[in-house]
Structures are given as structure tokens and as C-alpha cells.
Amino acid sequence: MAAIRPAGDFDRSYEQDKAIVRQNWQWVVLTLAIVVTATVPLWGSAYLTTTFNRLAYTVIAVQGLNIVTGYTGQISLGQAAFMLVGGYISALLVTHLGLSMFLALPLVALGTGLVGLIFGLPSLRVKGFYLAMATLAAQFIIPWLTRHTFTDYLGGSSGRIAVPVPAIGEFLFNSATRYFYISLALVIITTVLTANITRTRLGRAFVAVRDNDLAAELLGVNLFGYKLRAFFIAAALAGVAGAMRAHSQRVVGTELGYGLNESIILLGMLVIGGLGSNLGPFLGAAAVIFLEDLANVVGQELGLLFPDQSARLLTSFRPIFFGLALMLFLIFEPRGLAHRWRLIKASWRLRPFSR
Amino acid sequence: MNWPLVPQQIMTGILNGGIIGLIALGIVLIFKASEVFNFAHGHMVMVGAFLTWWFSGGGGEGSLFNLPFWAALLAALVVSAVIGLLIERLALRPMTGQPLLAIILMTLGLSQLLEGLASIFFGVQPKSNFPAPFSAGEVFRFPFPGAFNDTIILKKTLVAAFIVAIVAAVVFILLFQRTRIGLAMRATSENHEVARSLGIRVSEVFGLSWAVAGIVATLGGVLLATLTGASLSLSTVVLIAFPAILLGGLDSLPGAIVGGIVVGLVQALVQASSAIEVRNSAEIAPYVLLLIVLVIRPEGLFGRKRIERV
């Protein structure tokens, strides 16, 4: 969404009009932000570094979801299952073909995207709620397939396989600190990618489909084609995210948090962050990860106070906090944190005339 | 196919399917009255089962309540009706007129909240001491030539659950089709504003339909729990009601029951296969069915085809 600009702020050239970073001071802020983030392993705690790794793959998965749900308006309940696919494809390519993780990543994106296309196919006939059902089916069918087919390669009933440590030549990315730089680089790449997707012909077609599909079709947008493209991009990004998660945890499997709940949490992150905004996935993922860690701390502390109830206290707060946050955001700020941030910026700019 | 098993599996499938159908009915009821597809229904089912367990003194010594089964069920029904009212008032009324995505997400958030609350109030361990009118060993035996051992064996619990499910379904369908309350619900689902101008209190109708959905969910939960015990995973088990709903048609109450029975049959027949690979697929067979329905006939067997106007 175009920012509201003050009167008199015009673009004087096409270069200026096309620029993502519009002002010189924004370059400075951006460089500073990247430098500060890139040095996190130097000054931050181990917790901060691991959390940044977790944040990175979550953000990429939510960015994918943002394309299909935020921009194209198709509800997807299968994002976690596509992450699982990505993790498996990457693990298999690296283990059995001896590819480096970085060379495997484009193939992972392609493969997961194709799987996403299969479950996007019902969008030819159905939309809205019915499509949510098709992706829900993906969320059950994919984990089942990984457990019951090609058991030699996919781990069979153990439901998990080991994932190698990524390496460039002799250099192993075998600690959270080293892995951090893979995460950072990939997040920057996907962010530039999604930002550019959303402001080109493709992204505008997505928004047209979301806002009114019949009108979009009359304007010459090929509905089915663009919905499939949205599904492909969403699944491809989920695949990259899944590969990153698998390589950082060094194991991938159906029981390790790739279920329907994870898909719901990814959707919740998107809503809390802001649907259809490029800032949204960052804010939403960070907010929800913070809430989850807070819930764990609260659960542990209360568990120390009431030791006989510790089992239930440990696991109960995460869904309570997340559910409450999601519901409150839907009621009070359905456009998410990104919209709140825009309001803050606008009120700062309009000072002293803003309320 | 393992033919001697088939008659037995057909009977079990139909009986299980009746219970799935009752759960599906609760979702369709809400959808017909307020156009909300309730993803939290599974969690309402789970909470209903836990409530019954709790009122009947399942917590052991020092429980607050120690009611006989029927009284516990009644208390749970009342509480779940109140929960339904609260959900409507606090969570879904502010969402009136919001887009479909927001409403679906609201019910998903609700499901997470209910999951957390249930685990904090009732604990995370499954409760196997669920009060049941029959013990697990009591069975009916019907002679049936050609079946395994020439008999069909049906658990009394399962048969009773099926009968209760079908009776409840008929009662709720009659409530919807034949009474003034049901008429008000149908009018509201057709068009809120017209219903209001005809003197129907739309907010009361919404509240009432959520209360009824809470009751239906608890009934379904108790029936399931008499078979498997009460546990947090009941909410996941209930997800196979979704294929049943889509198969029967999203806005057809009898369709929900028929869809439920078909899903139960499909699952049971897949389990009767002689190939282990096919038997293993029983848990996803309903979802494969769902995909087929979506591609071939999205409006379901008995649903109305929707014509969209801009």
C-alpha cells in the first residue's frame, strides 16, 4: 500500500517512482538496521541468536502465506505441511545427491511449489471457505504420505529423518551463530522478492483477485492462473522456510511441529502483523514468538509455584495467549500491527495537528 | 478386500458415521443460522466431554461434584449452552459483517483459546474413567452367514450412541424446520436486515443458535467419549466431520447426517481391505474424499448451488 505522502512530495523521475527505498536517510536507517542485526551473534545472548534463526524461517513462511492469503485472499490452512515438504526435499537432495544446501534451495522451492500447485487445483472450482478445506486436506494428507510411502527414504513409521549440516567447502554452519548468517541472507532475499512481487503486475493482479474476483476477471485477469501462481509462490517460500528450519534443527519429521496448529499459528502471525503488508510478517512473527516465549516463562514460573500442576501449566498458556491475542486483534485491530505502525508514522508527520 | 470382515465393518461404519453426522450437524446449524463456519466446534465437543466427566466426579477424591451420569450430562449441557452464548456475544457479534477470512480466523483463535483453557482446567492426560451407561465388554451378537465367525458383534455403547445421535439429529432438524424458532433462524440466515424488519430479534437468534450448537457439541462429545474416553485429542478426531459436511452439502441438515454415515462407511471399508497399505490410509481416506467432492461437486450432495451477484 502506498504511503500517504505530504503535499508537495512528488516523484520527478521514473527511477524515483520505482525506488523501494525512497529517501537517503532511509538508506542510512536500513544499513544501520542490517548492521545491527548482522552483529547480533557478537553482542547478543545465545538465546537472541537462536530466536533470530527461528524468527527468520517463520518470517519467510509467513511471507509466503501473505502472498496467498494477504494479497490474493485465498485462505490456506496448509502452510506448515508445505514447510514439511520443503524440509524433506532439502534433506533428501543434500543426503542422497550430495548437493550443497544452497544449490538445493532453488530445487526445494520449485518442488514444494509444485506440491502447492496440486492443492491449489481445486481453486478452479471453488473459493473462499471451500478452498480452506482443500488446504486442510493437504495438512493431513502430506504428513501421512511422508510416514507411509517411500519408507526407506522418508523415515517410515519413525516419522523423522536426520538432516545434514549445511557447508560451503570445509566451512560448516554447525552452530546457531554461524547459521544465523544463512538466515539473515535468505530473509533479505525473500523480503526483496516479495516486496517486488507485490508491486508489479503479478501483485496487482493478486490484489484485484482478492478485492473482487468477478471484477478482476472482467478486467482480463486470468483468475485460475493467478490463484495458482499465488499458491506456487506461497508453497515455494514455505519450502525454503521448511528447508531452513530442517537444516537448523538437523532433523525433520511429521511429529516435530508441522501440524494443523502450526498452520493456524502462521495464519495468526499474519493477521496480528497485518494482512497484505510487507512489514506484517516481520511484526506478526516477532510478536507471536515473543508471546510464545512469554507463555513458556509464565508456565514454568507457575509450575514452580504449584509443582503438582506443572504438566498442565507448562503447555496451557501458549494456546491461551495466542488465541486471545488473535481474537483481540481481529476485534480491535483487524489490519494488524503494520497498520498501527502506519498510524503512528502518520500522526508523527502530522504533528501537532494529529490527535 | 477381506470379504468376511465387510458386513461387520459396514455396521460399525454406519454406527460411527451417525456420531460423526451429529457433530457435523452442529457445524451446519451454526452455518445456516449465521453464515459462520465454526472451526472451533471440535473444541466445543472436547470441552463438552470434559465437562460431563468433571460433573460426574471424574477427578476422583475431593471433586467438587459427584453427580450420576444423567445429571452430569444435563449440567454439562446447560454449561455448554452458556458457553455457546458467551462465544456468540463476546467473539462473534463484534465480527458481524466482517469478511469470511476474519470470521474463519476468529473461530480458529477461539479453538486455540478453548484448547488452552481445557488443558488448564482439566489437565493434559486423557481421562479413561469416563462414565458410561454400558461397560466396554457388553456387546450385541447378530448371526450373519458369511461374516467372520458368522456373527456381527456390536458394542452396546456404540449402538446406544448411534441411537442417541439419530434421535438428537431428528429433534434438531424438526426444531429447525417446524418451529417458530427454527423459522426465525432460517429467515435470519437468508437476510439479516429483512429478518429484523419482520420483527425477528436477530441478535437473539444468533445467541440461541450458538447455545443450541453448544448443546449439540456436548452431546456429540459425550457420545464419542463413551467410546474412547475424554481427551484433548477429541478435537482433532472431530475434524473428520468436515468431509462429512462438504459431502452432504454445507447448508443441508439431513445432508450432514448422510455425509457423516458415508464418511464412517468409507473409513470402515478401507479398514476391511486386505492390503496393509490401504488399511493404513483409513485416517486420510475422508480427506481424499473431501478433495474429490471439492473437484467434482463442491456444493455437496444436498446443498444448494450458490449463485453469486456483485
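Position labels on residues start from 1 in each chain and follow its written sequence. Written order determines the labels here, with chains lettered from A and ligands numbered from 1. Given that this is a predicted model, residues contribute local features only at a pLDDT of at least 70 and side-chain atom pairs are listed and counted only at 80 or more, while totals for whole chains, interfaces and linings are drawn from all residues.

## What to know about the overall build of chain B
Phase 1 of the analysis: Counting from the N terminus, the helices are the DSSP runs of H or I reaching at least four residues and the strands are the DSSP runs of E reaching at least two. In terms of helices and strands, chain B carries 13 helices and 2 strands.
Phase 2 of the analysis: The globule rule is 2.2 Å times the number of residues to the power 0.38, and the radius of gyration it is compared with is taken over C-alpha atoms. What you see for chain B is a C-alpha radius of gyration of 20 Å, in line with the 19 Å of a compact globule of 310 residues.
Phase 3 of the analysis: Labels follow a simple rule on C-beta atoms placed from the backbone: if 20 or more others lie within 10 Å of a residue's own, it is buried; if 12 or fewer, it is exposed; otherwise it is partly exposed. For chain B, buried positions account for 51% of its 310 residues.
Phase 4 of the analysis: Of all intrachain contacts in chain B linking residues separated by at least 6 positions in sequence, the fraction that spans at least 24 positions is 74%. A pair of residues counts as a contact when their C-beta atoms, built from backbone coordinates, are within 7 Å of each other.

## With respect to the overall build of chain A
Phase 1 of the analysis: Of the regular secondary structure elements, chain A holds 16 helices and 4 strands.
Phase 2 of the analysis: The C-alpha radius of gyration computed for chain A amounts to 21 Å, which stays within 12% of the reference 20 Å derived for 355 residues, consistent with globular compactness.
Phase 3 of the analysis: Here the C-alpha coordinates of chain A stretch approximately 65 × 50 × 45 Å along the principal axes.
Phase 4 of the analysis: Counting every position in chain A, which comprises 355 residues, the buried fraction comes to 46%.
Phase 5 of the analysis: At a minimum sequence separation of 6, the contacts of chain A that also span at least 24 residues come to 74%.

## A short note on the packing of helix α5 (residues 156-178) of chain B against helix α8 (residues 202-228) of chain B
Residue and element names in this part refer to chain B.
Phase 1 of the analysis: Axis angles are defined between N-to-C directions and span 0 to 180 degrees, where every axis is a line fitted to C-alpha atoms and, for a helix, only to the segment in contact. Where α5 contacts α8, the two axes come as close as 9 Å, and the packing angle between them is 170 degrees. Accordingly, the angle class assigned to the pair α5 and α8 is roughly antiparallel. Where α5 abuts α8, its residues T157, L158, A161, V164, A165, A168 and F172 lie against V216, L219, L223, T226 and L227.
Phase 2 of the analysis: Classifying every residue of the contact of α5 with α8 gives 10 nonpolar, 2 polar and no charged. In these notes the angle categories are as follows: under 35 degrees is roughly parallel, over 145 is roughly antiparallel, 65 to 115 is roughly perpendicular, and the rest is oblique. Each residue receives one of three labels: charged for Asp, Glu, Lys and Arg, nonpolar for Ala, Val, Leu, Ile, Met, Phe, Trp, Tyr, Cys and Pro, and polar for the others, Gly being one of them.

## Some remarks on the packing of helix α5 (residues 79-97) of chain A against helix α6 (residues 101-120) of chain A
Residues and elements named next belong to chain A.
Phase 1 of the analysis: One can describe the packing of α5 onto α6 by two numbers: an axis separation of 9 Å at closest approach and a directional angle of 140 degrees. With respect to α6, the element α5 is oriented oblique. The chirality of how α5 crosses α6 is right-handed. Between α5 and α6, the contacting residues are F82, V85, G86, I89, S90, L93 and V94 on the first element and M101, A104, L107, V108, G111, T112, V115 and G116 on the second.
Phase 2 of the analysis: By residue class, the composition of the contact of α5 with α6 is 10 nonpolar, 5 polar and no charged. By the definition used in this description, the sense in which the near helix is turned from the far one sets the handedness, with an anticlockwise turn below a right angle giving left-handed and a clockwise turn giving right-handed.

## Re helix α13 (residues 260-273) of chain A
Phase 1 of the analysis: The terminal C-alpha atoms of α13(A) lie 20 Å apart, and with 14 residues this matches the ideal 20 Å at 1.5 Å per residue to within 8%.
Phase 2 of the analysis: G274(A) occupies a position one or two residues after α13(A) and carries a positive phi of about 130 degrees. What a helix is expected to span follows from its residue count: subtract one and scale by 1.5 Å.

## What about the interface of chain B and chain A?
Phase 1 of the analysis: Across the contact, 35 residues belong to chain B and 37 residues belong to chain A.
Phase 2 of the analysis: Counting residues per element, the ones that place at least two in the side of chain B that touches chain A are α4 (100-122), α10 (241-248) and α13 (285-296) of chain B.
Phase 3 of the analysis: Counting residues per element, the side of chain B that touches chain A draws most heavily on α4(B), at 16 residues.
Phase 4 of the analysis: Grouping the amino acids of the side of chain B that touches chain A by side-chain chemistry returns 27 nonpolar, 6 polar and 2 charged.

## Comments concerning the nonpolar core
Phase 1 of the analysis: Counting residues in each nonpolar core, the largest one holds 199 residues, and the members touching the most others are I60(A), V240(A) and L25(B).
Phase 2 of the analysis: Excluding residues that lie within four positions of it along the chain, V240(A) makes contacts with I60(A), G86(A), L105(A), V108(A), A109(A), L186(A) and T190(A). To count as a nonpolar core, a set of buried Ala, Val, Leu, Ile, Met, Phe, Trp, Tyr and Cys residues must be joined through C-beta atoms within 7 Å.

## As for unusual backbone geometry
Phase 1 of the analysis: Of note, R250(A) is a non-glycine position whose phi angle comes to about 60 degrees, a positive value.
Phase 2 of the analysis: Of note, R250(A) is situated in the loop between α12 (223-249) and β4 (251-253).
Phase 3 of the analysis: Residues other than glycine seldom take positive phi values, yet E35(B) does so here, at roughly 60 degrees.
Phase 4 of the analysis: The residue E35(B) is located in the loop between α1 (6-34) and α2 (41-55) in this model.

## What about α8(B)?
Residue and element names in this part refer to chain B.
Phase 1 of the analysis: If you check α8, its first and last C-alpha atoms are 38 Å apart, about what 27 residues at 1.5 Å a residue would give, namely 39 Å.
Phase 2 of the analysis: Among the 27 residues that make up α8, 22 are buried, leaving the element largely enclosed by the rest of the structure.
Phase 3 of the analysis: Just past α8, the residue G229 takes up positive phi, approximately 85 degrees.

## As for the environment of R201(A)
Residue and element names in this part refer to chain A.
Phase 1 of the analysis: Mapped onto the secondary structure, R201 falls in helix α10 (residues 201-211).
Phase 2 of the analysis: The class of R201 is exposed, set by 10 C-beta atoms lying within 10 Å.
Phase 3 of the analysis: Through-space distance from the C-alpha of R201 to that of I188 is 22 Å; in sequence the pair is 13 residues apart.

## Examining the confidence of the model for chain B
Phase 1 of the analysis: Residues with a pLDDT of 70 or more make up 95% of chain B, whose mean pLDDT is 85.
Phase 2 of the analysis: As a predicted assembly, this complex carries a pTM of 0.90 together with an ipTM value of 0.88. Values of pLDDT, which run from 0 to 100, indicate the predictor's confidence residue by residue.

## Examining the environment of T135(A)
All names here are of chain A.
Phase 1 of the analysis: Position of T135 relative to the elements: it lies in helix α7 (residues 129-148).
Phase 2 of the analysis: Accessibility expressed as a C-beta count within 10 Å gives 26 for T135, which makes it buried.
Phase 3 of the analysis: It is 14 Å that separates the C-alpha atoms of T135 and A238, two residues lying 103 residues apart in sequence.
Phase 4 of the analysis: Leaving out residues up to four positions away in the same chain, T135 has contacts with S76, L77, G78 and F119.

## Section: the environment of F162(B)
Phase 1 of the analysis: Turning to its location among the elements, F162(B) is positioned in helix α5.
Phase 2 of the analysis: In this view, F162(B) contacts L15(B), G18(B) and I19(B); residues no more than four positions away in its chain are not counted.

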